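Inside the fold
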Amino acid sequence: MPDKFEPKIIGFLCNWCAYAGGDVAGVIRAQYPPNMRPIRVMCSGMVHPDLVVEALKMGADGVIIMGCHIGQCHYQDGNSKAMARVEVVRVVLEDMGIEPERFAIVWVSSAEGKRFAKVITDFTDQIKTLGPNPLRKDFELNFKRV
Ligand code: FES
């Protein structure tokens, strides 16, 4: 009998908002699944679409970008630029045969620990429903904890 599917999710977290929101989630002991591997970036606008596509090509089951709420980006409009790229990323994923629902972009402030936990819980559930990335069988991504 196969093991229960535990998705591997890459999270690109803005240093100023979402990453801090994750810290708050820890402080308030909010519960959320351990499937997301965080990558801290200075702004959601710094996450080039190639990084999202590459992570999925390498076998990640889902990718989520988390940044500051619109109007609160520390670099003025990085999050708006990230948002503007979403549709392009989804089209590229569809062309590759990957469900666009494996990618999400969400805004979480540094004070929203509970929201952080809910976003990660909901996205993990969404990826579990989708099942393993169809490209995963071609390349098994090895996550290492540091
Ligand atoms: S600084 Fe957080 S999204 Fe730009």
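The sections below set out a description of the structure shown in this document. All values reported here derive from a predicted model rather than from experimental measurement.

Here's the deal with unusual backbone geometry
Within the chain, Arg-29 stands out as a residue other than glycine whose phi angle is a positive 60 degrees. Along the chain, the position of Arg-29 falls in the loop between α1 (18–27) and β2 (36–41). Unusually for a residue other than glycine, Gln-76 sits at a positive phi of about 70 degrees. Relative to the elements of secondary structure, Gln-76 occurs in the loop between β3 (62–67) and α3 (78–96).

With respect to the pairing of β2
Note that strand β1 (residues 9–14) and β2 share six bridges and pair parallel. Across the sheet, Phe-12 pairs through a bridge with Ile-39, a residue of β2. The handedness of the β1 to β2 crossover, carried by α1, is right-handed.

Quick word on the environment of Pro-34
In this structure, Pro-34 sits in the loop between α1 and β2. Look at Pro-34 and you get exposed, because its relative accessible area is 60%. C-alpha separation for the pair Pro-34 and Pro-7, spaced 27 residues apart in sequence, amounts to 9.5 Å.

Quick word on the environment of Ile-64
Residue position: Ile-64 is located in strand β3. Counting along the chain gives 32 residues from Ile-64 to Met-96, while the straight-line C-alpha distance between them is 18 Å. For Ile-64, the contacting residues outside a window of four places in its chain are Ile-9, Ile-10, Gly-11, Phe-12, Met-36, Ala-104, Val-106, Val-119 and Phe-123.

How each quantity is defined
Residues numbered from 1 in each chain as written. Predicted model: local features only at pLDDT ≥ 70, side-chain atom pairs only at ≥ 80, totals over all residues. Heavy atoms only, no water. Helix = DSSP H or I, 4+ residues; strand = E, 2+ residues; numbered from the N terminus. Pairing = 2+ DSSP bridges. Right-handed = clockwise from strand over helix to strand, strands pointing away. Buried < 20%, exposed > 50% of the residue type's maximum accessible area, 1.4 Å probe, protein only. Contact = heavy atoms within 4.5 Å.

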